[in-house]
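Structural overview for review
Take a look at the letters that make up each chain.
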Amino acid sequence: MSYYETDYNWVWEIAGFIGAAVLAIAGFGWLLRRILGVERKKWFSPSSNFVNSFHEKVNNYFRWGNLALYLTTLAVFGFQKGALYFMVLTILIGGIQELFNAYMEKKHANNPNAYKYTLLHYPASMVILISCAGAFFPEMIDVFIKQLS
């Protein structure tokens, strides 16, 4: 009867990671918006997320380009090493995209602090996400270090 006794502790680790990361990032974003006086952007609403049509068009290029790079990375390196490269590409390309968003907000946004929020929120979110991943999945750090060597 032991084959019915499967270990599901990993479900709690994933739930804890997602919950802690979401709460920490949302809490930091809320605090940063309060300090800088920036309005929260609406999800799935281009009118509040982009300052003009050029901004929206370039952002779409980033999204589709990211998808193409991700698929190429996974096709070339496979799922073993591809996972590490996938994560590194996500952080780097996301950073470039956020720098472009901050540039457009600095030039065209109504609120002069909107670009400051963008510049501060993304790096802090990545630090929170990586810290939570290290706290909830310490064995993953060893896996990534092995993949780098």
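An account of the accompanying structure is given in this report.

Some remarks on the overall build of the chain
Of the regular secondary structure elements, the chain holds 5 helices and 0 strands. Seen in sequence order, the chain has helices and strands lined up from the N terminus as α-α-α-α-α. Relative to its full complement of 149 residues, the chain shows a buried share of 28%. Considering only intrachain contacts with a sequence separation of at least 6, the fraction spanning at least 24 residues in the chain is 70%. Counting every atom, the chain has about 10800 Å² of accessible surface; 69% of that belongs to carbon and sulfur.

Considering a negative patch on the surface
A cluster of like negative charges, contributed by D7, E13, E139 and D142, occupies part of the molecular surface. For D7, the position within the fold is in the segment before helix 1 (9-36).

Focus: helix 4 (residues 114-136)
Its 23 residues give helix 4 an end-to-end C-alpha distance of 32 Å, which sits within 8% of 33 Å, the value for a rise of 1.5 Å per residue. Looking at helix 4, one finds that the buried residues are A114, Y115, Y117, T118, H121, Y122, A124, S125, M126, I128 and C132.

With respect to the side chain of T118
Within the secondary structure, T118 is located in helix 4. Judged by relative accessible area, T118 falls into the buried class, the value being 7%. When neighbours within four sequence positions are excluded, T118 is seen to be in contact with K41, E98, N101, A102, E105 and P123.

Let's talk about the packing of aromatic side chains
For the structure shown, the criterion picks out 3 aromatic pairs. Pairing F62 with F100 gives two aromatic rings, centres 6.1 Å apart and planes at 45 degrees, and the pair type is tilted. The residues F62 and F100 share a single accessibility class, namely buried. A connected cluster of aromatic rings, assembled from ring pairs, spans F54, F62 and F100.

Some words on the environment of L84
Position of L84 relative to the elements: it lies in helix 3 (residues 53-108). Residue classification places L84 among the buried positions, given a relative accessible area of 9%. In this structure the C-alpha to C-alpha distance between L84 and T73, which are 11 residues apart in sequence, comes to 9.9 Å. Leave out the neighbours within four places in its chain, and L84 touches F144, Q147 and L148.

Re the nonpolar core
Counting residues in hydrophobic clusters, the biggest one holds 6 residues: F17, A21, I25, I128, C132 and F137. Mapped by element, the contributors of at least two residues to this core are helix 1 and helix 4. No other element matches helix 1, which puts 3 residues into this core. Excluding its chain neighbours within four sequence positions, the residues that come into contact with I25 are H121, S125, I128 and L129. The next biggest cluster of nonpolar side chains, apart from the first, holds 5 residues, and it includes F62, I93, F100 and M104.

Quick notes on the side chain of R33
Relative to the helices and strands, R33 resides in helix 1. Here R33 sits buried without a salt bridge, and the closest side chain of opposite charge, E39, lies 9.3 Å off (N-O distance). In contact with R33, not counting residues within four places along its chain, are V38, E39, R40 and Y117.

Definitions and limits used
- Residues numbered from 1 in each chain as written.
- Predicted model: local features only at pLDDT ≥ 70, side-chain atom pairs only at ≥ 80, totals over all residues.
- Heavy atoms only, no water.
- Helix = DSSP H or I, 4+ residues; strand = E, 2+ residues; numbered from the N terminus.
- Buried < 20%, exposed > 50% of the residue type's maximum accessible area, 1.4 Å probe, protein only.
- Contact = heavy atoms within 4.5 Å.
- Areas by Shrake-Rupley, 256 points an atom, 1.4 Å probe, with all protein chains shown as cover.
- Patch = residues over 30% accessible without salt bridge, like charges linked within 9 Å, V, L, I, M, F, W, Y side chains within 5 Å.
- Salt bridge = Lys/Arg side-chain N within 4 Å of Asp/Glu carboxyl O.
- Lys, Arg positive; Asp, Glu negative; His and termini not counted.
- Charge placed at Lys NZ, Arg CZ, Asp CG, Glu CD.
- Expected span 1.5 Å × (residues − 1).
- Phe/Tyr/Trp six-rings, centres within 6.5 Å; stacked < 30°, edge-to-face > 60°.
- Core = buried A, V, L, I, M, F, W, Y, C linked by side-chain atoms within 4.5 Å.

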